[in-house]
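# Understanding the architecture of this molecule
One letter stands for each residue in the lines below.
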Amino acid sequence: MYEESEKSGSEGGSRIDISRPHSARIWNYLLGGKDNYAIDRVAGDKVVEVYPGMRDVTRQSRQMLTRVVSYLAGEAGIRQFLDIGTGLPTANNTHEVAQSTAPDSRIVYVDNDPLVLVHAQALLTSTPEGKCDYLEADVRDPETILREAARTLDFSQPVALMLMGIMGLVTDEQKPKAVVDHLLSALPSGSYLALYDGSDADPAYVEAIARHNANSGAVPYTPRSIEQIAHYFDGLELLEPGVVSVERWRPQPNPWGEPVKVSCAGGLARKP
């Protein structure tokens, strides 16, 4: 856990802004990580006060990511991953899951928080057969992402585009569907879109996010309906079970019974 003396910006340089919370660091805190600041913990605690299920959202969505990547690297045979909105390294990161099945997998991580990139470069180490690269860029700038990612990924071969929990940070005015379409347009047939985001199915969750947006100073987050989230997959071949709450996406048997239902939904689809 970072000490307040680091406000000088010694970690990653003065470009790290800890005067306001950041979604990646809040998420890290809610997952039980230590790569966050007091301002992030305060913001996370305020969300949990209003919506105690927020920690379940973070955990269940992370587990969906693991299941998605396991499928892509295994049954689907994907060897390239473009993971935008990476967040801070935790357990079962994309490259760890992919390379445990296919050591030659290549992964490009993208985030707009310098702290994320500092830690990614230190902790997200590739197998000798594969590669990990890291870009500091914003999802709202798909052209830059595609240009820089092409240094590591071969866009003539299938790529898994992963937008896990990031599109809620793109407002309706910023045209999130157009952003996704722009990214997909650069990928060949046989590529995949993996995406989940906070849904508006639970009014308590929506209220918690509204309070967070109004009071935290962080980039606002927009929960959307299941139908709106499903719209991202238009024109793609949606895999079973479709767009569902993350805990229902191909759940694996566990000794604790059914996972708790959360207000976060997503799916996986193939580009024809």
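What comes next is a walk through the structure. In this text the structure is predicted, and so the values were computed from the model without any measurement. (Residues numbered from 1 in each chain as written. Predicted model: local features only at pLDDT ≥ 70, side-chain atom pairs only at ≥ 80, totals over all residues. Heavy atoms only, no water.)

It is worth spelling out the nonpolar core at this point. Here is a general trend for soluble globular proteins: nonpolar side chains tend to be buried in one another's company. If you look at the biggest cluster of nonpolar residues, it comprises 79 residues, and the most contacted ones within it are F81, L82, L163, M167 and L193. The greatest single-element share of this core, amounting to 9 residues, is contributed by helix α3 (residues 54-73). Apart from the residues lying within four places of it in its own chain, the contact partners of L193 are L161, L163, V180, L184, Y232, F233, L236, G267, L268 and A269. (Core = buried A, V, L, I, M, F, W, Y, C linked by side-chain atoms within 4.5 Å. Buried < 20%, exposed > 50% of the residue type's maximum accessible area, 1.4 Å probe, protein only. Helix = DSSP H or I, 4+ residues; strand = E, 2+ residues; numbered from the N terminus. Contact = heavy atoms within 4.5 Å.)

Take the packing of helix α6 (residues 142-149) against helix α7 (residues 176-185) next. At a closest axis distance of 9 Å, the pairing of α6 and α7 adopts a crossing angle of 25°. Between α6 and α7, the interaxial angle falls into the category roughly parallel. The hand of the α6/α7 crossing is right-handed. Along the contact surface, α6 presents P142, E143, I145 and L146, while α7 presents V179, H182 and L183. (Axes fitted to C-alpha atoms, helices over the stretch in contact; angles between N-to-C directions. Parallel < 35°, antiparallel > 145°, perpendicular 65-115°, else oblique. Left-handed = near helix turned anticlockwise from the far one by under 90°.)

Counting through the fold element by element, S263 comes out in the loop between β7 (244-245) and β8 (264-270). Take S263: its relative accessible area is 2%, and that puts it in the buried class. Aside from chain neighbours lying at most four places away, what touches S263 is Y51, V57, G198, S199, D200, A201, D202 and Y205.

On to the packing of aromatic side chains. Enumeration according to the criterion identifies 1 aromatic pair in this entry. Relative to Y134, the ring of Y109 has its centre 6.4 Å away and its plane inclined at 5°; by these criteria the two rings are stacked. Taken as a pair, Y109 in strand β2 (residues 106-111) and Y134 in strand β3 (residues 131-136) lie far apart in primary sequence, 25 residues in all. In this structure Y109 comes out as buried when scored by relative accessible area, which is 2%. Note that R250 overlies the ring of Y71, its terminal NZ or CZ placed 4.9 Å from the centroid. (Phe/Tyr/Trp six-rings, centres within 6.5 Å; stacked < 30°, edge-to-face > 60°. Lys NZ or Arg CZ within 6 Å of the ring centre and 35° of its normal.)

The next thing to look at is the side chain of R224. With respect to the secondary-structure elements, R224 resides in the loop between α8 (203-215) and α9 (226-231). A residue is classified by how much of its surface remains accessible, and R224, at 5% relative accessible area, is buried. Among residues more than four places away in sequence, those in contact with R224 are M167, G168, V170, T171, D172, P176, G198, S199, D200, I229 and Y232.

This part is about the pattern of salt bridges. Enumeration over the complete set of coordinates arrives at 8 salt bridges. Residue R151 pairs with E148 through a salt bridge whose shortest N-O separation is 3.4 Å. On the basis of relative accessible area, R151 is assigned to the exposed category, the value being 64%. By relative accessible area, which is 18% here, E148 ends up buried. (Salt bridge = Lys/Arg side-chain N within 4 Å of Asp/Glu carboxyl O.)

Turning our eyes to something else, we now look at the packing of α3 against helix α4 (residues 94-101). Between α3 and α4, whose axes approach to 9 Å, the crossing angle comes to 35°. Judged by the twist between their axes, the crossing of α3 over α4 is right-handed. Within the contact between the two elements, α3 uses L65, T66, V69, S70 and A73 and α4 uses T94, V97, A98 and T101. Broken down by class, the residue content of the contact of α3 with α4 amounts to 5 nonpolar, 4 polar and no charged. (Nonpolar A, V, L, I, M, F, W, Y, C, P; charged D, E, K, R; others polar.)

Spatial relationships are all this shows, so hold off on functional conclusions.
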